[in-house]
Amino acid sequence: MLSNYKLEDIGILVDGSIIGNSSSEINQIITDSRSPLCGPNSLFIAIKGLNRDGHDFIKSAYNNGIRNFLIEKDQTNLPPEANYIIVENTLSALQEWAKKHRDKFKIPVIAVTGSNGKTIVKEWLYHFLRAEFNIIRSPKSYNSQLGVPLSLLMINKEHDLAIIEAGVSEPGEMIKLKEIINPTHSLVTNIGTAHLENFISKKELEKEKLILIKDSKSFGPSKIFQKIDSFSEHNQVEFLNVIDFQNNSDGQQINYIWNGNNYHFIIPHLDITAAQNASSCVNLLLHFGFSPVKIAELSLSLPSIALRLQKRKGKKNSLIIDDTYNSDLASIEIALQFLENERGNKKTLVVLSDITQDLSNSTKTYEKIASWISEMKIDLFIGIGETISSYCSLFKNAEFFTTTADFLNSSAKLNIENKAILLKGSRSFKFEKIANIFEEKSHETILSINLKNLCENFNHYKKIISNSTKILCMIKAAGYGAGIVETAKKLSSLAVDYLGVAYTDEGVSLRDNGIQTPILVMNSEQNSFESIIKHNLTPSIYSLKQLDRFICTLIDLNINDFPIHLKFDTGMNRLGFKIEDLEELISVILSQPEVRVEGVFSHLASSDNSNDDDFSNSQFIAFEKITKKLEGAFGYSLIKHMLNTAGIERFKNKQYDMVRLGLGIYGLSKNKSTLPVLSLKTKISQIKKINKGDSIGYGTMHKVYKPTKIGIIPIGYADGFSRAYSNARGSVYVNGKTVPIIGSVCMDMAMIDITNVATKEGDLVEIFGDNRLITQMAEDINTIPYEILTSISERVVRVYLDE
């Protein structure tokens, strides 16, 4: 949110003249007239770009409710009853405003630049520093001549640190950004060949980027990753002395020397790019006063940051990884690594355009790409473009096309069944057309999963859980609707100790997708025992009969010492041994070398209800009696676990050896400190005016008694939107207002009453999310959020956000 400014204040700062109400208050900047965030206190800045002139959209912004404008001179046909600041150049005026705004704050400002990794380093610095500082950071990848001033204008008096990205694409840009940012600290991640086509040489590109580091405390990339000659022209640049780095069972360990002593830190990412980016962060953090011990602690949970790679479900069980933004060598390497990590058991297909951003030596460039394709054993490579086609002899198992259109004309012959497909191309090749034909067609109802918020929630609970207590995250029922594989990968990257699934097939799916984290199967069925053993899953054993059959399976396979967890019923009266089974259970286990009891657990029946705390305490007493007897009989300690999300929040002295975190990581507990992870949205397909007395939907049972405007939305009970919401029992959120369901919910659609809301076809409709809470949605039909989430069908598109 922008600090409040009056129009007259902005006019003075940018040396502009004002027409209209100079006391109009501004708290938001809009540069896209279509923005749904427009309001009476918004300021539309008409920016002249290469392809579009913002002045052409002033009327559209006005019609969208904006009444304050920053424009250039000599504009005609301006809407009346609006306020204007008139300047020579709107972009320059915005930059001048941002510069003077930034200069009001005497706080550390870290500027991050480089050819790759700016956003990741920015977000990782935030991860390291957020406990010590109130940080403002560039949103997404706001690192341009426009994005940087927009980022700086968000600084307010509550902030005590800013982290700002700075990117350049042509000569002369960095000096402007440096003057605006005025950094106290500057960090260069690396210098590659992105945007090299706009510079005389790589040396000139280096010099342009390094303008940023003058007159500030500066940090360069570790020389083990990249040596940049141009740094020799700058004194007092700090470099982290990284000795080496290698992968181990915990992740990737980076060893370094600091103040004459050897240290290391471990990150949950295995690629060299992650090692370089993390080392850049550590370099700065050491000079910020962070100890190597503190850095090592925080580095273990460095989050994954999604940039421009998008993962989509394709036709015929294919997976599409869409990176149609640029195609320089560094980003191609990152994308190929991402493909390898996501492929699972699928065959691989790479579609690559001409390289437009690495023109220094085409032969070496394509030789390098060919070597990567060969090393990764890509099943089929497709090159599109005249240049890459001229190097066809370098590639095996490959096809080439001169243009994207040529490929599209022959694409029907291509078999994409069960393939992981990477689309990597420069924007000019319009690979989005390829993505469209490969992507499985779906309607406009989307379940968004914010993986960043999931990480935030995980870290929130980690802080209230003892360091000696393990964390098991429950991701059963397709990750409560969020997608079991994607959720598991994210949690594994956070070094979660265990994952919990309901059934064996869920655990097998995780193993097939490369998840190596220990997995506890809560409902282990006899017909899945061999699969449990084959995929190294841990079964939950809840009866003597089940235990006997599992032991028989192990005997047949000649396997000993297989880990199991014992499940006890301490009062919930579901699956589980009873306390009276203890003696026989202990006798069986002591006589059977095939199994080794690793853990023991039970379920609280009413952990979220303080009125039932006496009952919960009786369960704890029973559980502790059971575990004491088991550990005494076996002669070793077991992993004891009983608390779910509500239990973690309410019974902090009963964490035992492990806790089971479920709904809390999705932001669905009663704890107000967690963030929402899931939101379900759709769009208005059609708007209709209904006459008084007409009926709506099946059965002519719902008639309207006044002229009514309805919107038809493409979500129905086949998507998990229950028929119980029919006839105004349910509601949705549209354009700032909550509106009721009207008529019966159909299989594929529902109708909403939008009589009193300004809407148009295509407007967004929130089923649940930030404005329409899923807890309220559950209360409307007397159910619980679990049921709503697990009812969302597979045909609803899942989109994963990680920015």
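As the structure is a computational prediction, the values presented were derived from the model and not from experiment. (Residues numbered from 1 in each chain as written. Predicted model: local features only at pLDDT ≥ 70, side-chain atom pairs only at ≥ 80, totals over all residues. Heavy atoms only, no water.)

A. Summary view of the overall build of the chain. Counting its regular elements, the chain contains 25 helices and 41 strands. By the compact-globule yardstick of 28 Å for 803 residues, the chain fits well, its C-alpha radius of gyration being 29 Å. If you line up the chain on its principal axes, its C-alpha atoms span 90 × 80 × 60 Å. Within the span of the chain, comprising 803 residues, buried residues form 54% of the whole. (Helix = DSSP H or I, 4+ residues; strand = E, 2+ residues; numbered from the N terminus. Rg over C-alpha atoms; globule rule 2.2 N^0.38 Å. Buried < 20%, exposed > 50% of the residue type's maximum accessible area, 1.4 Å probe, protein only.)

B. The arrangement of the packing of helix α4 (residues 118–129) against helix α8 (residues 272–287) in detail. Running from amino to carboxyl end, α4 crosses α8 at an angle of 50°, the nearest separation of the two axes being 10 Å. Judged by the inter-axis angle, α4 sits oblique to α8. Crossing handedness for the pair α4 and α8: right-handed. Of the residues in α8, those touching α4 at I120, V121, W124, L125, F128 and L129 are A274, N277, A278, S280, C281, L284 and L285. The residue inventory of the contact of α4 with α8, partitioned by class, reads eleven nonpolar, two polar and no charged. (Axes fitted to C-alpha atoms, helices over the stretch in contact; angles between N-to-C directions. Parallel < 35°, antiparallel > 145°, perpendicular 65-115°, else oblique. Left-handed = near helix turned anticlockwise from the far one by under 90°. Contact = heavy atoms within 4.5 Å. Nonpolar A, V, L, I, M, F, W, Y, C, P; charged D, E, K, R; others polar.)

C. Region of interest: the pattern of salt bridges. Across all of its chains, the model carries 20 salt bridges by this definition. With a closest N to O distance of 2.8 Å, K654 and E624 form a salt bridge. Note that K654 is positioned in the loop between α23 (645–650) and β31 (658–661) and E624 in helix α22 (residues 613–634), a separation of 30 residues in sequence. Between K760 and D763 there is a salt bridge, and its shortest N-O distance comes to 3.1 Å. (Salt bridge = Lys/Arg side-chain N within 4 Å of Asp/Glu carboxyl O.)

D. Here's a closer look at the side chain of H641. Here H641 shows up in strand β30 (residues 639–641). With relative accessibility at 0%, the residue H641 sits in the buried group. For H641, the side chain forms a polar contact with the side chain of R660, separated by 3.0 Å. (Polar contact = N/O pair within 3.5 Å; in protein donor to acceptor, adjacent residues only side chain to side chain.)

E. Representation of the environment of G344. With respect to the helices and strands, the residue G344 is situated in the loop between α10 (329–342) and β19 (347–353). When the C-alpha positions of G344 and L510 are compared, they lie 9.3 Å apart, and in sequence the two are 166 residues distant. When near neighbours in sequence (up to four residues on either side) are disregarded, G344 contacts D512 and N513.

F. Just the packing of aromatic side chains, in detail. On inspection of all chains with the given rule, the structure shows 21 aromatic pairs. Aromatic side chains Y256 and F265 sit 5.8 Å apart centroid to centroid with 55° between the ring planes, which places their arrangement in the tilted category. The exposure classification of Y256 matches that of F265, with both residues buried. Taking 4.5 Å as the distance between ring centres and 0° as the angle between the ring planes, the aromatic pair formed by F381 and F395 counts as stacked. With F381 in strand β20 (residues 380–384) and F395 in the loop between α12 (386–389) and β21 (398–401), this pair connects stretches of sequence that are 14 residues apart. With relative accessibility at 1%, the residue F381 sits in the buried group. Members of the aromatic cluster, each reached through a chain of ring pairs, are F44, F69 and Y84. The lysine or arginine in question, R137, covers the ring of Y126, its NZ or CZ lying 3.7 Å from the ring centre. (Phe/Tyr/Trp six-rings, centres within 6.5 Å; stacked < 30°, edge-to-face > 60°. Lys NZ or Arg CZ within 6 Å of the ring centre and 35° of its normal.)

G. Looking closely at the state of the cysteines. This model, assessed by the stated rule, comprises zero disulfides. Looking at the unpaired C473, the closest cysteine sulfur is the one in C455, lying at 10 Å. (Disulfide = S-S within 2.5 Å.)

H. Region of the structure containing helix α18 (residues 504–512). Here α18 has its buried residues at T504, E506, G507, V508, L510 and R511. Phi turns positive one or two residues past the end of α18, at G514, with a value near 85°.

I. The arrangement of helix α9 (residues 292–299) in detail. Residues of α9 that are buried: P292, I295, L298 and S299. Buried residues in α9, looked at end-on, bunch into an arc of 130°, giving them a common side. Against α4, β15 (251–258), β16 (261–267) and α8 lie the buried residues of α9. (Arc of directions from axis to C-beta.)

J. Representation of the sheet that holds strand β32 (residues 678–683). Taken in spatial order, the six strands line up as β38-β37-β40-β32-β23-β41 in an open sheet, and their pairing is mixed. Two strands lie at the open edges of the sheet, namely β38 (737–740) and β41 (797–801), each paired on one side alone. Taking the axes of each pair of neighbouring strands and ignoring which way they run, one obtains an average angle of 35° across the sheet. Here two bridges tie strand β37 (residues 731–734) to strand β40 (residues 764–768), and the two strands are oriented antiparallel to one another. What sits directly across from Y733, in β40, is E766. Strands in contact with helix α15 (residues 451–464) are β23 (446–450) and β41; relative to β23, the strand with the most contacts, it is inclined by about 40°. (Pairing = 2+ DSSP bridges.)

K. Local environment of the sheet that holds strand β10 (residues 161–165). Taken together, six strands build an open sheet; the order of strands is β9-β10-β8-β11-β12-β13 and the sheet is parallel. The sheet is open, and its two edges are formed by β9 (135–137) and β13 (237–239), each paired on a single side. For this sheet the average axis-to-axis angle between neighbouring strands, irrespective of direction, equals 20°. In this structure, strand β8 (residues 109–113) lies alongside strand β11 (residues 185–188), joined through four bridges in parallel fashion. When the bridges of β11 are listed, I110 appears paired with H185. Where α8 meets the sheet, it contacts β8, β11, β12 (217–220) and β13, and its direction lies at approximately 150° from that of β12.

Shape is all these values report; function is a separate question.
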